[in-house]
Amino acid sequence: MECHECHERPATLHYTQVVNGHKTEVKICEVCAKEKGYMTTYPEEGYSLHNLLTGLFNFDTGHVKTPGSHIQKEHQCPKCGLTFSEFKQIGKFGCGECYHTFSANLNPIFRRVHSGNTEHRGKIPKRKGGSLHLKKQIVIYKAELQELIMNEEFEQAAVIRDKIKELEANINQKEAGDSK
Amino acid sequence: MTLQHFMNEAISPWMREQGPNHDIVLSSRIRLARNFADVPFPIIADQKDLEKIREFFKENYEHSSFEEHQNFEFISIRDLTAIEKSVLVEKHLISPLLAKKEGAAATLISDNEQVSVMINEEDHIRIQIYFPGLQLTKALSKALEFDDWIEEKVNYAFDETRGFLTSCPTNVGTGMRASVMMHLPALAMTKQINRMMPAINQLGLVVRGIYGEGSEALGNIFQISNQITLGKAEEHIIEDLESVVQQLIEHERKARTRILEQSGIELENRIFRSLGVLEYSRIIESKEAARCLSNVRLGIDLGIIKNVSRNILNELMVLTQPGFLQHYAKKTLTSTERDILRASLIRERLQFEE
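The numbers attached to residues start from 1 for each chain and follow its sequence in the written order. Written order decides the labels, with chains lettered from A and ligands numbered from 1. Reporting in this predicted model follows two pLDDT cut-offs: at least 70 for local features of residues, and 80 or more for side-chain atom pairs to be given and counted; totals over whole chains, interfaces and linings ignore these cut-offs and use all residues. Note that water and hydrogens are dropped before the side-chain values are worked out from all heavy atoms of the structure.

For the rest of this paragraph, the subject is the overall build of chain A. Per the convention used, a helix needs a DSSP run of H or I reaching at least four residues, while a strand needs a run of E reaching at least two, with both numbered from the N terminus. Regarding its fold elements, chain A presents eight helices and two strands. Starting at the N terminus and walking to the C terminus, you meet the elements of chain A as β-β-α-α-α-α-α-α-α-α. Each residue gets one of three labels from its accessible area relative to the maximum for its type: buried under 20%, exposed over 50%, partly exposed in between, using a 1.4 Å probe on protein chains only. In chain A, which comprises 180 residues, the proportion classed as buried is 31%. Accessible area of chain A: about 12,300 Å², with a carbon and sulfur share of 50%. Surface accessibility in these figures is a Shrake-Rupley result with a 1.4 Å probe; residues are shielded only by whichever protein chains are displayed.

Dropping the structure here:
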């Protein structure tokens, strides 16, 4: 089958266009496809993940507009100026601060994208995480302590209790150091 | 290490080593997305801010080394020709998105091409680490160490509840995308892969072809990666991915044995015909080349074809991409010219084996 455009080369690409319900099929060679704009330089361009995503975000947030109500001033990120409707449109945050600005509206989105999860459980950055590591460790020790007390292993429990105290002192020291 | 060096070889130095399960798994990759805390993300930031980030990486990391990953080359995307950009994309050293960026987009690539950092892509920083074969755990620990090394100088955008903050909500949390590149000819031949995909998707993992578009996977090369980045620790994400990959390996091996037992001569016929096509074609399209290369590689793995190196699939899949062909020809080529050059390069490469 030859190309519908140049009638020279073999047609290697088949496109189906639907415009206002009219279906047309185009059989075309690679060269003409590029010239006529059917193809983009990189294959990834054709398939846009964020189009899919923005589709995901556009659900009813439960905010019902009553007739005659004033148009509310839109939620806007103070740092980068992105508004929530812009975020929904492009499917991308403008800066780290956006996560705080739009925080109240984000859980449903994260739940959809991340199988119901809304909170991070992974790595804490070594330097920036600072006392966060210690805080997490304390939570672990406290659970351990409870268990030891339940099992009446008081000697071991005392050791853990001291470790917790030590960590807490450590955190206080660090935070005092940070705020100077 | 210079740009020319990255351009001249189709396969990266690390690919020459054989990793675990190398008959099926080509490579394991970890990618981490990170951002500066006090600069808006590239999608919205001022050019000036992004330029500062570019400068920061140039000053701090150009020609630096991290353990065995030596002498990082710093490359600004705006200094590259269109063909050079395509070659880096085809070698998977940078993403198509980065290649399209102008302005402050840049990359750091280690001399063994195992580690690359993309600067001012969708996020300020994207760290990428590759390992040959199935080595996700190793790749993860190396990636996290490298991440710590960068964090020594960079104030990351990190939030206690949301984790690492990224431009796209699909990356928030760990910012990690782990992926495994697999050659699955027997599962593709028997159409089993199509039946397995929905189940894999349900586990929060995605399967897609890396060459070709849509559901088609040119060269039967598939990429399995995690979709979820929030609410699971990196190690758990890797465990889930690894267990699915292990199952795919088992299924692929079983399917190979079954085909060999039930229709050995047909399989042998298919493999040798493909070798014939590659050895004698004067014009070959990328699709046909990919199909034949996949068959030949299967032949090598099954011991039907001897004296041809396993790397032939990865190497020729990259070498016969449009960017590489044009780099080789040192000019832009029409698609017919590419098909001719592709055929001649494949012939040459196969003769080299004899």
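What follows deals with the interface of chain B and chain A. When the parts of a complex come together, some accessible area is lost, and that lost area is often taken as the interface size. Counting residues at the interface gives 52 residues for chain B, matched by 43 residues for chain A. Here the quantity called buried area is the accessible surface, traced with a 1.4 Å probe, that two parts lose on coming together, added over both. Taking both partners together, chain B and chain A bury about 4,000 Å²; carbon and sulfur atoms supply 59% of that area. The salt bridge definition used is simple: a Lys or Arg side-chain nitrogen within 4 Å of an Asp or Glu carboxyl oxygen. Linking chain B with chain A are three salt bridges. Its salt-bridge partner being Lys92(A), residue Glu122(B) comes within 3.4 Å of it at the nearest N-O pair. Think of a polar contact as two N or O atoms within 3.5 Å of one another; within protein, one of them needs to be a possible hydrogen donor and the other a possible acceptor, and neighboring residues in sequence only count if both atoms come from side chains. Along the contact surface separating chain B from chain A lie 22 residue pairs in polar contact (both at pLDDT 80 or more). Sorting the residues of the side of chain B that touches chain A by element identifies helix 3 (82-90), helix 4 (96-100), helix 5 (136-151), strand 6 (158-159), strand 7 (163-164) and helix 12 (335-353) of chain B as the ones contributing at least two each. Considering every element that reaches the side of chain B that touches chain A, the biggest residue donor is helix 5 of chain B, with four residues. We call two residues contacting when some pair of their heavy atoms lies within 4.5 Å.

Before going further, it helps to examine the packing of aromatic side chains. All names here are of chain B. Centre distance within 6.5 Å is the pairing criterion for rings of Phe, Tyr and Trp, where only the six-membered ring of Trp is used; planes under 30 degrees apart are then read as stacked, over 60 as edge-to-face, and the remainder as tilted. Counted by the stated rule, this structure contains 19 aromatic pairs over all chains. Their ring planes at 85° and their centres at 6.4 Å tell us that Phe-36 and Phe-57 sit as a pair that is edge-to-face. Of this pair, Phe-36 sits in the loop between strand 1 (25-34) and helix 2 (47-61) while Phe-57 sits in helix 2, and the two are 21 residues apart along the sequence. You'll find Phe-36 and Phe-57 in the same group, each marked buried. Connected via pairs of aromatic rings, a cluster forms that spans Phe-36, Phe-56, Phe-57, Tyr-61, Phe-66, Phe-72, Phe-146 and Trp-149. The side chain of Arg-34 reaches across the aromatic face of Phe-164, ending 3.4 Å from its centre. Charge-over-ring contacts are defined here by two conditions on Lys NZ or Arg CZ: a distance within 6 Å of the ring centre and an angle within 35 degrees of the ring normal. Over the face of the ring belonging to Tyr-61 we find Lys-153, whose NZ or CZ atom lies 5.4 Å from the ring centre.

Let's shift gears to helix 2 of chain B. Residues and elements named next belong to chain B. An expected span of 1.5 Å times one less than the residue number is assigned to each helix. Helix length check: helix 2 (15 residues) gives 21 Å between terminal C-alpha atoms against 21 Å at 1.5 Å per residue, within 8%. Buried residues of helix 2: Leu-50, Ile-53, Arg-54, Phe-56, Phe-57 and Tyr-61, and no others. For helix 2, the angular spread of buried residues about the axis comes to 155°, placing them on one side. Exposed residues pointing more than 90 degrees away from the buried face of helix 2 are listed as Lys-48, Lys-52 and Glu-59. Elements in contact with the buried residues of helix 2: strand 2 (73-76), strand 3 (106-109), strand 4 (115-119), strand 5 (125-132) and helix 5. Residue His-63 follows helix 2 closely and has a positive phi angle near 65°. Arc definition: it is the arc formed by the directions from the helix axis to the C-beta atoms.

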